[in-house]
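Summary of the model geometry
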Amino acid sequence: MKIIQEAEKMQRQAIRWRMAGEKIAFVPTMGALHEGHASLLRQARHMGNRVVLSIYVNPTQFGKNEDFKKYPRQLKQDLALAKKEKVDAVFAPTSLYFKDDSTFVEETFYSKGRCGAIREGHFRGVTTVVCKLFHIVQPHVAIFGQKDAQQCDVIEQMIRDLYFPIQMVRAPIIRDSNGLALSSRNKYLTSEEYEIAIHLPRILKLASKRTGLSPRQITQLIQKELQKVNGLSVEYVEYVRGGISVAVRVGETRLIDYISIK
Ligand code: AMP
């Protein structure tokens, strides 16, 4: 497994693979890898014969008062997981920005609402870094998790609008035994907070099973049930494109989830 830090080196490797007719499948992450990321890597292995994993905590997608500094960083463990999943190259740059960067990429439709309404500039940071990563890694296929449903909508639109010759795959959400969607941020939860957090998947599952309700009624039901949970505050519950996206806070930790209600 190659471990590459320099963008130019990664790009040269990608070009060599492309010239040899290899199909590159790419999984971008911020590290602190878990079984959710591993499932994306397995999907990548299925779709390409060269799997590239990027690990980069992208500063431009964090707001001023967000957790950029304390975001978990555990490269050694991440490399072990990557090796186990037979990744061909891990791209782990120290920075993808210049001191005087003046080019940014912005999607202006799906970036509105949901997390976009609360995390100002977040999706501009995401599209900018993913655009850089696409140019460096030159993938044929890119795999993103449906847990970040809005991010999938935004990236899919960017791929189309900017004519990236990339197939995007939305991978299903991997959950723990209590239904909580795996997330690098779950590490922040105390055991008491964890007990509160698992009400989120419970309520989503319950609501998605209610037949005969309109999407609007299911959204309202989820909102009402979440508001009953002590210690949990609701940021939003929104129906978009056949699914409901939810963001809540438990203590200092922000959790997001998604259910399809098609
Ligand atoms: P992150 O490192 O949190 O930025 O996530 C990197 C990629 O992994 C994104 O496409 C996420 O949507 C995806 N991902 C994170 N958690 C999960 C999960 N529990 N199940 C499936 N995909 C996930």
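Details of the packing of helix α5 (residues 122-137) against helix α6 (residues 149-161)
Put simply, α5 and α6 touch, their axes get as near as 11 Å, and they point 50° apart. Of the possible angle classes, the one that applies to α5 and α6 is oblique. The way α5 lies across α6 gives a crossing that is right-handed. On the side of α5, the interface is formed by Phe123, Val126, Thr127, Val130, Cys131 and Phe134, while α6 contributes Gln150, Gln151, Val154, Ile155, Met158 and Ile159. Of the residues contributing to the contact of α5 with α6, the split by class is 9 nonpolar, 3 polar and no charged.

Regarding the pattern of salt bridges
Summed over the entire model, instances satisfying the criterion amount to 19 salt bridges. Note that Glu85 and Arg42 form a salt bridge whose closest N and O atoms lie 3.0 Å from each other. Remark: Arg42 occurs in helix α2 (residues 35-47) and Glu85 occurs in the loop between α3 (75-84) and β4 (89-91); sequence separation between them is 43 residues. For Glu85, a relative accessible area of 12% translates into the label buried. Classification of Arg42 by relative accessible area gives partly exposed; the value is 38%. Notably, a salt bridge pairs Asp257 with Arg175, separated by 2.9 Å at the nearest N-O pair. Pair noted here: Asp257 is in strand β9 (residues 253-260) and Arg175 is in the loop between β6 (167-171) and α7 (191-197), with a separation of 82 residues, a long-range link.

What to know about the site of the ligand
Contacts to the ligand come from 17 residues, most closely from Met30, Gly145, Asp148, Ile174 and Leu182. Backbone polar atom of Met30 to an oxygen atom of the ligand: 2.9 Å apart, as the coordinates give it. Contact between the ligand and Leu182: a nitrogen atom at 2.8 Å from a main-chain N or O atom of the residue. Burial of the ligand by the surrounding chains reaches 93%, relative to a free accessible area of 490 Å². Secondary-structure elements contributing two or more residues to the shell around the ligand are β2 (24-29), α2 and β5 (141-145). No other element matches the 3 residues that α2 contributes to the shell around the ligand. Classifying every residue of the shell around the ligand gives 9 nonpolar, 6 polar and 2 charged.

Details of the packing of aromatic side chains
Under the defined criterion, the tally for this structure stands at 5 aromatic pairs. Geometrically, the ring pair formed by Phe109 and Tyr110 is edge-to-face, given 4.8 Å between the ring centres and 80° between the ring planes. Owing to a relative accessible area of 56%, Phe109 belongs among the exposed residues under this scheme. Overall, the relative accessible area of 14% leaves Tyr110 in the buried class. An aromatic cluster is present here, built from Phe26, Phe134 and Phe164 joined pairwise through their rings. Sitting over the ring of Phe68, Arg73 keeps its end group 4.9 Å from the ring centre.

Definitions and limits used
- Residues numbered from 1 in each chain as written.
- Predicted model: local features only at pLDDT ≥ 70, side-chain atom pairs only at ≥ 80, totals over all residues.
- Heavy atoms only, no water.
- Axes fitted to C-alpha atoms, helices over the stretch in contact; angles between N-to-C directions.
- Helix = DSSP H or I, 4+ residues; strand = E, 2+ residues; numbered from the N terminus.
- Parallel < 35°, antiparallel > 145°, perpendicular 65-115°, else oblique.
- Left-handed = near helix turned anticlockwise from the far one by under 90°.
- Contact = heavy atoms within 4.5 Å.
- Nonpolar A, V, L, I, M, F, W, Y, C, P; charged D, E, K, R; others polar.
- Salt bridge = Lys/Arg side-chain N within 4 Å of Asp/Glu carboxyl O.
- Buried < 20%, exposed > 50% of the residue type's maximum accessible area, 1.4 Å probe, protein only.
- Near = heavy atom within 4 Å.
- Polar contact = N/O pair within 3.5 Å; in protein donor to acceptor, adjacent residues only side chain to side chain.
- Areas by Shrake-Rupley, 256 points an atom, 1.4 Å probe, with all protein chains shown as cover.
- Phe/Tyr/Trp six-rings, centres within 6.5 Å; stacked < 30°, edge-to-face > 60°.
- Lys NZ or Arg CZ within 6 Å of the ring centre and 35° of its normal.

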